[in-house]
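So you can see what is in the structure, the chains are spelled out below.
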Amino acid sequence: MTHRRILAGIILVYLLLAAGMSVIVPLGESPDEVDHFAYIHFLARERRLPVMQPAAAENETMEANQPPLFYALNAVLLGSLLQVDWSEPARNGCFSFDPADPGRQTFYRHAPEEAFPYRGLVLAFHLSRLLSVLLGVLTIASAYAISREIDSLPLRSEAGLMAAAAIALNPQFLFISASVNNDVLTAALGGLIVLWTLKCWRRPAAGRFAGLGLLLGLGFLTKFALFAFWPLALAAALLAAGGRARRPVEFLAPKTLWAALKTGWPAAVVPVLTAGWLYLRNWQLYGDPLVWAVHLQAKGEQVLRSVPPGAADYLEFVSVHFRSFWALFGWLNVAPPFWIYGFYAVLTLAAAAGVAHRLGSSGRDRVERARLLLLLGAVGVIYLSLLRYIQTINWSGYQGRLAFAAVAPIGALLGIGLERAAVWFGRRRRAVLAAAGLALAWSAGVLLFAVIAPAYPRPGIY
């Protein structure tokens, strides 16, 4: 079976699981999903961007500070379905954030009108979810392509397939991709930006850097987190111009800087031309291009830190972030049996060991090693921005989805690392990789039908 057929099979399994999840999980039961849909509805009805107000109750949507691309895409595609009145559903007074308190997972009270066949705004909500599912395919494909871009023997390596499986069969990625959330488009664009950065480094040309600049501009119109990838794109121009330079000082030579400028300038200019209007508007409205101060005022004391984080907070971050990166659903209140995290921990540690071994291999091509380091840098800059975020925001900022801007490069690293780790099993290498892929598929299916579905019974009466 060719790699393309296996990749198509992985994507098909993803589509089935994600589509099933979009039907099983009641509308609005993914974090902030109602506010994301309210943004789409407002944009379609009012044909203008919402303005973030410092008082939470005065906002049409608590996501009004977000860039508009994801919402505009939905508003255009859903069109007339959104041209009716809508308001936030009634909240469930029995809701609990505690995963150990079963039967109280639903944040909202769900009406019979949500049942199939879908009509009106319920239909629009489900169609928006399906658009997110389709956007997830771009993330999976970019993870596959990133690993092949790095691998020196792409036609013989299963790293790309493992990268695709690590994303497509990640239950949390499935859960978020089956919801209305701008993190889905952020993940897709993040993967494409990193992929195109690697391509520009390998084959530098002004036209390719213009394409990278356009992707960055679209990213800046989707989520502020993608600003973290801008320096990597500019570094790719410098690294490509440096060619065989071995010392950092050689990259600062006038000849190298001029060559980098000639080919890489579109990566600096095109994003400004694409997204600059939004940040100019924000500056004029709020005196802040990122709308940070007003956003924090609207969020209120329930999510803001009163004191700087300490050691216990960082340990809690590691625990919650790891679990919610792989499998912690709903409003972090639908949890699988704890042993399942052991499986994901073993998988992650094996991949980390494989990446470390590959980096340390003396026979590894120097350029390939540098590209692998750039991939690690892409993940690192997203986590640096996330760690900066939790200096201000409490445990609500620990969610794994907040790192999904880098989920494609993370998937590529998982695939590359697992492929390298499997080499240690000798002739059973492919069997071990196939077993890992099947275990991922099995765990995703089991969590959907044995954990998520029972948490949301129909009808939901509390």
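Check the entry above for the structure.
Below is a summary of the structure that appears in this document. Bear in mind that the values here come from a model prediction, so they are computed numbers and not experimental data.

All right, on to the overall build of the protein then. When helices and strands are tallied, the protein shows 16 helices and zero strands. For the protein, the C-alpha atoms occupy an extent of roughly 65 × 55 × 45 Å along the three principal directions. For the protein, with 462 residues in total, the buried portion stands at 53%. Considering only contacts in the protein between residues 6 or more positions apart, those separated by 24 or more positions represent 78%. Summed over all atoms, the accessible surface of the protein reaches about 20500 Å², with 66% contributed by carbon and sulfur. Mean positive and mean negative side-chain charge positions of the protein (39 and 26 charges, respectively) differ by 16 Å.

The next thing to look at is a nonpolar patch on the surface. Side chains of Trp258, Leu261, Trp265, Val269 and Leu273 sit close together on the surface and give an oily, nonpolar patch of about 560 Å² of accessible area. Its location among the elements puts Trp258 in helix 10 (residues 254-286). Look at Trp258 and you get exposed, because its relative accessible area is 52%.

A few words now on the packing of helix 15 (residues 407-422) against helix 16 (residues 429-455). Axis separation between helix 15 and helix 16 bottoms out at 8 Å; the angle between their running directions is 140 degrees. On the basis of their axis angle, the class for helix 15 and helix 16 is oblique. Crossing geometry of helix 15 relative to helix 16 is assigned as right-handed. Across the interface between the two elements, Leu418, Glu419 and Ala422 from helix 15 touch Arg429, Val432 and Leu433 from helix 16. Residues that form the contact of helix 15 with helix 16 fall into these classes: four nonpolar, no polar and two charged.

Taking 1.5 Å per residue, 16 residues should reach 22 Å; helix 15 reaches 22 Å between its end C-alpha atoms and fits that length. Counting buried residues in helix 15 gives 16 out of 16 residues, a clear majority hidden from the surface.

This part takes up the side chain of Ser147. Mapped onto the elements of the fold, Ser147 is located in helix 4 (residues 120-150). Within the local environment of Ser147, its side chain forms a polar contact with the backbone oxygen of Tyr144, the two atoms lying 2.8 Å apart. Each residue touching Ser147, except ones within four places of it in the same chain, is listed here: Ala159, Gly160, Ala163, Ala412 and Ile416.

Moving on to the environment of Ala378. With respect to the secondary-structure elements, Ala378 resides in helix 14 (residues 366-389). Sequence separation between Ala378 and Ala405 is 27 residues, and the spatial gap between their C-alpha atoms is 9.6 Å. Here Ala378 is in contact with Val194, Phe229, Leu232 and Ala406, once residues within four sequence places are set aside.

Peptide bonds are trans in most cases, and residues, glycine excluded, mostly fall at negative phi. Look at the link from Phe116 to Pro117: it is a cis peptide, with omega at 0 degrees. The residue Pro117 is located in the loop between helix 3 (69-78) and helix 4 in this model. Here Arg47, not a glycine, exhibits a phi torsion of approximately 55 degrees, which is positive. Relative to the elements of secondary structure, Arg47 occurs in the loop between helix 2 (33-46) and helix 3. For Arg47, a relative accessible area of 72% translates into the label exposed.

With that settled, the discussion passes to the packing of aromatic side chains. As enumerated under the stated definition, the model contains 25 aromatic pairs in all. Residues Phe116 and Tyr118 carry aromatic rings whose centres are separated by 5.2 Å and whose planes lie at 90 degrees to one another, so their mutual orientation is edge-to-face. Judged by relative accessible area, Phe116 falls into the exposed class, the value being 68%. Ring geometry for Phe227 against Trp230: centres 6.2 Å apart, planes inclined by 50 degrees, an arrangement best described as tilted. The rings of Tyr14, Phe173, Phe325, Trp326, Phe343, Tyr344 and Phe404 are connected pair by pair, giving a single aromatic cluster. A cation over a ring is seen here: Arg371 above Trp201, with NZ or CZ 5.3 Å from the ring centre.

What follows covers the packing of helix 4 against helix 7 (residues 182-202). Interhelical geometry of helix 4 versus helix 7 gives an angle of 25 degrees and a closest axis separation of 8 Å. Here helix 7 runs roughly parallel to helix 4, going by the angle between their axes. Our pair here, helix 4 against helix 7, has a crossing hand that is left-handed. Where helix 4 approaches helix 7, its residues Ser132, Leu135, Gly136, Leu138, Thr139, Ser142, Ala145, Ile146, Glu149 and Ile150 are matched on the opposing element by Val184, Leu185, Ala187, Ala188, Gly191, Leu192, Val194, Leu195, Leu198, Lys199 and Arg202. Residue composition of the contact of helix 4 with helix 7, by class: 13 nonpolar, five polar and three charged.

Another aspect to go through is the environment of Ser157. Tracing the sequence through the fold places Ser157 in the loop between helix 4 and helix 5 (159-168). Taking the C-alpha atoms as reference points, Ser157 and Ser128, 29 residues apart in sequence, are found 36 Å from one another.

The next point concerns the pattern of salt bridges. Opposite charge on two side chains permits pairing when their charged atoms draw close. All chains considered together, the criterion is met by 15 salt bridges. Between Glu33 and Arg129 there is a salt bridge, with its nearest N and O atoms 2.8 Å apart. With Glu33 in helix 2 and Arg129 in helix 4, the pair connects residues that are 96 residues apart, well separated along the chain. Under the relative-accessibility criterion, Arg129 is labelled buried at 1%. One salt bridge in this structure joins Arg91 and Glu88, with 3.0 Å as the shortest N-O distance. The class for Arg91 is exposed, based on a relative accessible area of 51%. Here the salt bridges share partners, and the residues they tie into one network are Glu158, Arg358, Glu419, Arg429 and Arg430.

Let's shift gears to the nonpolar core. Of all hydrophobic cores here, the largest spans 128 residues; its most connected members are Ile146, Phe229 and Leu375. When residues of this core are assigned to their parent elements, the largest contribution, 12 residues, is made by helix 4. Dropping the residues within four chain positions of it, Leu375 is found in contact with Ile146, Ile150, Val194, Pro409, Ala412, Leu413 and Ile416. Membership of the second largest hydrophobic core comes to seven residues, among which are Met52, Met62, Val291 and Ala298.

Conventions we followed
- Residues numbered from 1 in each chain as written.
- Predicted model: local features only at pLDDT ≥ 70, side-chain atom pairs only at ≥ 80, totals over all residues.
- Heavy atoms only, no water.
- Helix = DSSP H or I, 4+ residues; strand = E, 2+ residues; numbered from the N terminus.
- Buried < 20%, exposed > 50% of the residue type's maximum accessible area, 1.4 Å probe, protein only.
- Contact = heavy atoms within 4.5 Å.
- Areas by Shrake-Rupley, 256 points an atom, 1.4 Å probe, with all protein chains shown as cover.
- Lys, Arg positive; Asp, Glu negative; His and termini not counted.
- Charge placed at Lys NZ, Arg CZ, Asp CG, Glu CD.
- Patch = residues over 30% accessible without salt bridge, like charges linked within 9 Å, V, L, I, M, F, W, Y side chains within 5 Å.
- Salt bridge = Lys/Arg side-chain N within 4 Å of Asp/Glu carboxyl O.
- Axes fitted to C-alpha atoms, helices over the stretch in contact; angles between N-to-C directions.
- Parallel < 35°, antiparallel > 145°, perpendicular 65-115°, else oblique.
- Left-handed = near helix turned anticlockwise from the far one by under 90°.
- Nonpolar A, V, L, I, M, F, W, Y, C, P; charged D, E, K, R; others polar.
- Expected span 1.5 Å × (residues − 1).
- Polar contact = N/O pair within 3.5 Å; in protein donor to acceptor, adjacent residues only side chain to side chain.
- Phe/Tyr/Trp six-rings, centres within 6.5 Å; stacked < 30°, edge-to-face > 60°.
- Lys NZ or Arg CZ within 6 Å of the ring centre and 35° of its normal.
- Core = buried A, V, L, I, M, F, W, Y, C linked by side-chain atoms within 4.5 Å.

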